[in-house]
Amino acid sequence: MMERFVVGKDEKRRRWINAGLGLLFSAAMVVAVTVGQQQDPERYSSFLWWSVVSLLGAANLSNLVFLIRYLRLVDDHCIELVPGKLRFLSAGKWSELDLDQVTALRLFKRWGKLRHIQLVLKNNRGIRLEGYENLGGLADSLQGALPGKLMP
């Protein structure tokens with residue numbers, strides 16, 4: 001039996017909110033430097049103001065570009081759990097992970113809620129699964145497919 005998991009709307013909304021909070025924090029920093037420059041121009045030079053504005057502007061612009069790229073790529077992304085394999089669809093291409101390659105399954109919780117799942121492979125690399133709808137169901141399905149490999 002095949003189970004399909006997609007990235008949830010809550011994850012997309014959370015990422016937009018984080019980008020917005022970063023923008024608000026940056027704006028607060030620019031306002032603080034502007035007020036400091038108005039009060040003490042010798043201590044807060046225009047070089048500092050331009051440095052802060054350009055650095056935070058570049059950081060927020062790159063964050064927005066990465067967010068839009070992520071949202072565009074995640075629209076056609078899903079994972080499927082089929083007997084003996086975990087299949088990933090990204091950018092219209094399928095890739096498969098043989099579940100025999102997985103040595104451990106780790107569940108990470110924060111405040112009692114499952115936040116992400118990590119699959120540890122034989123080559124000691126990890127695959128992090130997060131943001132999927134029904135992440136608990138994915139964890140249960142993986143635990144059933146990987147008996148005895150759950151780690152605290």
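Structure: above.
Quick look at the packing of aromatic side chains now. Going through the model one piece at a time under the given rule, you end up with one aromatic pair. Across the ring face of Y70, the terminal group of R15 is positioned such that the distance to the ring centre comes to 3.9 Å. Sitting over the face of the ring of W94, R87 holds its NZ or CZ atom 4.3 Å from the ring centroid.

On the basis of which strands lie adjacent, the open sheet formed by four strands has the order 1-2-3-4 and antiparallel pairing. The open sheet is flanked by strand 1 (3–6) and strand 4 (93–98), the only strands paired with a single partner. Averaged over all neighbouring strand pairs, the angle between strand axes comes to 20°, with direction disregarded. Two strands pair when backbone bridges link them, and strand 2 (residues 78–82) and strand 3 (residues 85–90) are joined in this way by five bridges, in the antiparallel orientation. Each bridged residue has a counterpart across the sheet, and for V82 the counterpart in strand 3 is K85.

Attention now moves to the side chain of N60. With respect to the helices, strands and loops of the structure, N60 is situated in helix 2 (residues 46–74). According to the relative accessible area criterion, N60 is buried, its value standing at 17%. Those residues in contact with N60 that sit more than four places away from it in its chain are G22, L23 and S26.

As a further point, take unusual backbone geometry. If you check the backbone angles, W111 has positive phi at about 55° while not being a glycine. Residue position: W111 is located in the loop between strand 5 (102–110) and strand 6 (113–121). Take W111: its relative accessible area is 76%, and that puts it in the exposed class. Even without being glycine, N124 reaches a positive phi, approximately 70°. Residue placement: N124 occurs in the loop between strand 6 and strand 7 (126–130).

Calculation criteria
Residues numbered from 1 in each chain as written. Predicted model: local features only at pLDDT ≥ 70, side-chain atom pairs only at ≥ 80, totals over all residues. Heavy atoms only, no water. Phe/Tyr/Trp six-rings, centres within 6.5 Å; stacked < 30°, edge-to-face > 60°. Lys NZ or Arg CZ within 6 Å of the ring centre and 35° of its normal. Pairing = 2+ DSSP bridges. Helix = DSSP H or I, 4+ residues; strand = E, 2+ residues; numbered from the N terminus. Axes fitted to C-alpha atoms, helices over the stretch in contact; angles between N-to-C directions. Buried < 20%, exposed > 50% of the residue type's maximum accessible area, 1.4 Å probe, protein only. Contact = heavy atoms within 4.5 Å.

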